[in-house]
Each structure stands twice: as C-alpha cells, then as structure tokens.
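Okay, here's what each chain looks like letter by letter:
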Amino acid sequence: MALRLVDRSRPDPVAGPGRYRELMVSVWYPARDVTRYPRSVWLSDPLLRALLEFNGIPAGSVGGPPITAGHVGAPVQRSGGRLPVVVYSPLAHDQRADTTIVVQELASHGYLVVTVDHTYDAFVEFPDGRRLSPVDEPSLGAPDFADDIPYVLDCIGRLAAGRNPDADGRTLPAGLAGAPDPGRIGMFGTSKGGTATALVMSMDSRVRAGLSLDAPMEPVIATDLDRPFMLMTADYGRDTAPVAQLWSRLTGWKLNVRACGAVHNAYDDYQFLLPQIGAAVGWSKEILLSWIGTLRPDRAVRIQQAYPLAFFDLHLRHQRQRLLEGPSPAFREVRYLP
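Residues numbered from 1 in each chain as written. Predicted model: local features only at pLDDT ≥ 70, side-chain atom pairs only at ≥ 80, totals over all residues. Heavy atoms only, no water.

Asker: Talk me through empty space enclosed by the protein; I want residue IDs and the actual numbers.
Answerer: Once rolled over the atoms, a probe with the size of a water molecule shows which space is left empty. Taken as a whole, this structure holds two cavities of 30 Å³ or more when the rule is applied. There is about 70 Å³ of room inside the largest cavity. If you list the elements that add at least two residues to the lining of the largest cavity, you get β1 (2–11), β2 (20–28) and α3 (142–160). A total of four residues in the lining of the largest cavity trace back to one element, the largest contributor, which is α3. Class assignment of the residues belonging to the lining of the largest cavity gives a composition of 10 nonpolar, no polar and no charged. Put simply, the second largest cavity is a space of about 40 Å³. (1 Å grid on protein atoms, 1.4 Å probe; cavity = no way out; pocket = protein on both sides within 12 Å on 5 of 7 lines; lining within 4 Å. Points joined across faces, edges and corners; volume = space filled by probe spheres on them. Helix = DSSP H or I, 4+ residues; strand = E, 2+ residues; numbered from the N terminus. Nonpolar A, V, L, I, M, F, W, Y, C, P; charged D, E, K, R; others polar.)

Asker: Explain the pattern of salt bridges residue by residue, including any values.
Answerer: Applying the stated criterion across every chain, the model contains 21 salt bridges. Notably, a salt bridge pairs D204 with R206, separated by 2.8 Å at the nearest N-O pair. You can call R206 partly exposed: its relative accessible area is 29%. Several salt bridges converge on common partners, so that one network encompasses R4, E22, D128, R130 and D168. (Salt bridge = Lys/Arg side-chain N within 4 Å of Asp/Glu carboxyl O. Buried < 20%, exposed > 50% of the residue type's maximum accessible area, 1.4 Å probe, protein only.)

Asker: So what's going on with the layout of surface pockets? Residues and values would help.
Answerer: Taken as a whole, the largest pocket spans an internal volume of roughly 860 Å³. Contributing to the lining of the largest pocket are 40 residues, with S26, W28, S40, V41 and V72 lying nearest its centre. If you list the elements that add at least two residues to the lining of the largest pocket, you get β2, β3 (39–41), β4 (67–71), α2 (100–108), β6 (112–117) and β7 (124–125). Considering each element in turn, the lining of the largest pocket owes the most residues, five residues, to α2. For the lining of the largest pocket, a count of residues per class yields 24 nonpolar, 11 polar and five charged. Within this model, the second largest pocket holds a volume of roughly 440 Å³. Forming the walls of the second largest pocket are 24 residues, and the residues nearest its centre are W42, L51, Y270, L274 and I277. Listing elements by their share of the lining of the second largest pocket, those giving two or more residues are α1 (45–54) and α6 (270–281). If one sorts the elements of the lining of the second largest pocket by residue count, α6 sits on top with five residues. Residue classes in the lining of the second largest pocket are distributed as 15 nonpolar, eight polar and one charged.

Right, dumping it as structure tokens:
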C-alpha cells in the first residue's frame, strides 16, 4: 500500500517557502489472501525509464518494469498479533523499491516494512500524477534523509493506534490499522540511507536496531550508540575513516560482515537486475563486472534474504540467530570482521 505523508510541522528544504515536507512511502506486510488483488510493479514504467536514462542506460533497450511478489491492497495477515516494524531508507538518487528482495523476505516472515522515498532525491510519483526526479541543487545529504524519518515514525504510531496517516485519506487494506507494533521498530538503509539509519538512531530512541548496507557514514554520528547495529560492507569498509569512526562509536551489540567479491550494489536489487539489463543492452563482461563485482547474483540474493532477517529476528523478536554468531557453511563467501 502506497501512502502520501505530509509533515505540516516541517517546511520542505527544497520546495521553498509555504511548502511542507511531502513523502511517498510503501507499506509491505504479510497477506492472508491475494487472489483478488493485482501484483505490484517494482517501479512504474515512466519512472523506470527516467531512472535508467539518469544512469546512462538506454531505456528503449529494456522491457517493462519487473513485477514483485506483492499484491496491492491485500488484507493483512495478523495471526500472531501486532507486527514488528522495519523502516527502509534507499540509495542516493534512487527510489524506495531498490531493496525489494530484502523487503519481501522480511514481510513474508511477518514484518511490516515501510520504505521511504526522500523527495527531491528520488524518482517518485504522487497520487495526483506528479513525477519528480532527483535534483542536484540544493542537494540532500544523509542528515536530510534522517530528518524525514521521525515523521514517518509518527505516522507508524498513528497507524498503530488505528488511525489513517495517508494525507488523502485513501482506504487502507483490511487489518492494516492497528497492525504495527510501535515498541518493536528497526531500520535499515543502503549507502546514504545506511548513514541516515545511524543518524536516526542517534536522535530517536524509537528505532531499536539498525542495519547499514555499505554506507559511507559521512557525516558520522558524534555520540556513542548503545543499541544493536550491523554493517554489511563492500566499497565502504572499516579501512575508510568515517566507517571506522562509526564502528568506534558503537558501544552495544555490533557486527560487520562482508561478502567476497561484493561492490556497492551487492546488497540491493541491482545485483540481480543489472545482469538482465546488461544482457538486454549488450554490455561486455568487463562493463557488467564494473557494476556488480564478482559476487554471483544468485548468491547475493540468498545473502540479502538471510542476513537482514536474522538481524531483525535477533533484535526485534529476541530469537537466537546462529547465522550471526560466526562463519556459516551455507554462506562461505561471507566474512565476519572483528
């Protein structure tokens, strides 16, 4: 379910005077019946074409948008009570569907996942038909991403209380009102969104556990963080000063893993989608490897499905996760970094 959120207490940092901060989010959750509900696309065709062209990929060579496992508007499955919540913040100059593999896995295990488009740094479409692309001036940094999240958490609280946070008052799927558990909220993010995750946790105690997917960690938080935090690193490892500084600030449970052969897109959907795009546009092997490294896409998918789920199951559900306790024979390419 897509929701439009309007924070009337906060002027938009880009839109100018008199405009409030406006966000599009998607709410993913386990469904109890999907037979009468249409499948959701990964990204609408106009936005997909804009995203491809922005990254120098000829959109005309690629077919229509991928289809997800989600069914729009399906009723919520709540047999086990309220659902633990995970909030997602995406890559810079990207869009909120870029970790749908991870998000669908979490939802299929009983999580309610809220993915956020950071307006003016995202390819986003609003219910009235407006389509926006990222802007370079003024550019939004990780602190701007982080500043969007407290209001998203407020809206999750309203949803938990049985109220509809959608600015347009659109009808919610059956069972969604009252579904979130506001006492069990985690967050993860990719790249700039991963930095935003650490920043949010430094200022908002409602987020109980955070996961970063290869974030540069600039600017780094200036205070210690005593709640669980996990790094899945690739290009931005602890040999970079900002990530090392963040690591030193983590005083609670912490873990750093890295998949051999991983580059920056290893932990998001592009690791799986780019080989298909490359085949469509005729990329050489060298060009493809420059995008995705040498980590096999099928193995990347399994890593994306397993490690975030284990992290949130451990810290939001308090279920022991042997996968996080040391190297696993099922994931021989994953290194545990002390």
